[in-house]
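Summary of structural features
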Amino acid sequence: MTPPTDGDRIRLSLSREEAWVAHAALLDAGERAVEAGDDAPPQCRPLRRIERERALSPDGAALLRDALIDYLADAPVRDRAPGRALLRRVDDAVESQPRSTPRDASRGA
């Protein structure tokens, strides 16, 4: 089931376990970005929104999806089932977002 959207924002309803996995995945991805020299990792934005139970931008949802993919490769057993469930929902939400075409971008859409 695709999560509901709020304008172009993606609203995720997370269980406690899913919120924990999202938090761990984004922190892990942010730490890797800092180690690679990024002093303001983009993973902080969706992390703050999740902690405040706010909807994610399409870019934030894509960052969460990518972080979950990396995290689940070596995740603790307890995080795998809720992480996979969350990944499926986030991936569905990201894939259902309309893609802008070069023509749309030129019109400022």
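First, a word on scope: everything that follows refers to the structure included in this document. (Residues numbered from 1 in each chain as written. Predicted model: local features only at pLDDT ≥ 70, side-chain atom pairs only at ≥ 80, totals over all residues. Heavy atoms only, no water.)

**As for the environment of Arg80**
Applied cut-off: Where helices and strands are cited, they refer to DSSP runs of H or I of at least four residues and of E of at least two residues respectively, numbered from the N terminus.
Tracing the backbone shows Arg80 in helix α4 (residues 77–96). Spatially, the C-alpha atom of Arg80 lies 9.9 Å from that of Leu68, the residues being 12 residues apart in sequence.

**Details of the side chain of Glu18**
Heads up, the condition is: The classification of residues rests on relative accessible area computed with a 1.4 Å probe and restricted to protein chains. Under 20% of the type maximum is buried, over 50% is exposed, and intermediate values are partly exposed. Contacts between residues were defined by any pair of non-hydrogen atoms, one from each residue, lying within 4.5 Å.
Its place among the elements puts Glu18 in helix α1 (residues 16–35). Judged by its relative accessible area of 8%, Glu18 falls in the buried class. Here Glu18 is in contact with Ser13, Pro82, Ala85, Leu86 and Arg89, once residues within four sequence places are set aside.

**Quick notes on the pattern of salt bridges**
This is how it is decided: Salt bridge, as used here, is a side-chain nitrogen of Lys or Arg placed within 4 Å of a carboxyl oxygen of Asp or Glu.
Counted according to the given criterion, the structure contains seven salt bridges. Of the charged contacts, one joins Arg32 and Asp28 as a salt bridge, the two residues approaching to 2.5 Å between their closest N and O atoms. Linking Arg32 with Asp28, this pair stays in helix α1, spanning four residues, or about one helical turn. Exposure remark for Arg32: the relative accessible area of 35% places this residue in the partly exposed category. Note that Arg65 and Asp66 form a salt bridge whose closest N and O atoms lie 3.7 Å from each other. Connected through shared salt-bridge partners, Arg65, Asp66, Asp91 and Glu95 make up one network.

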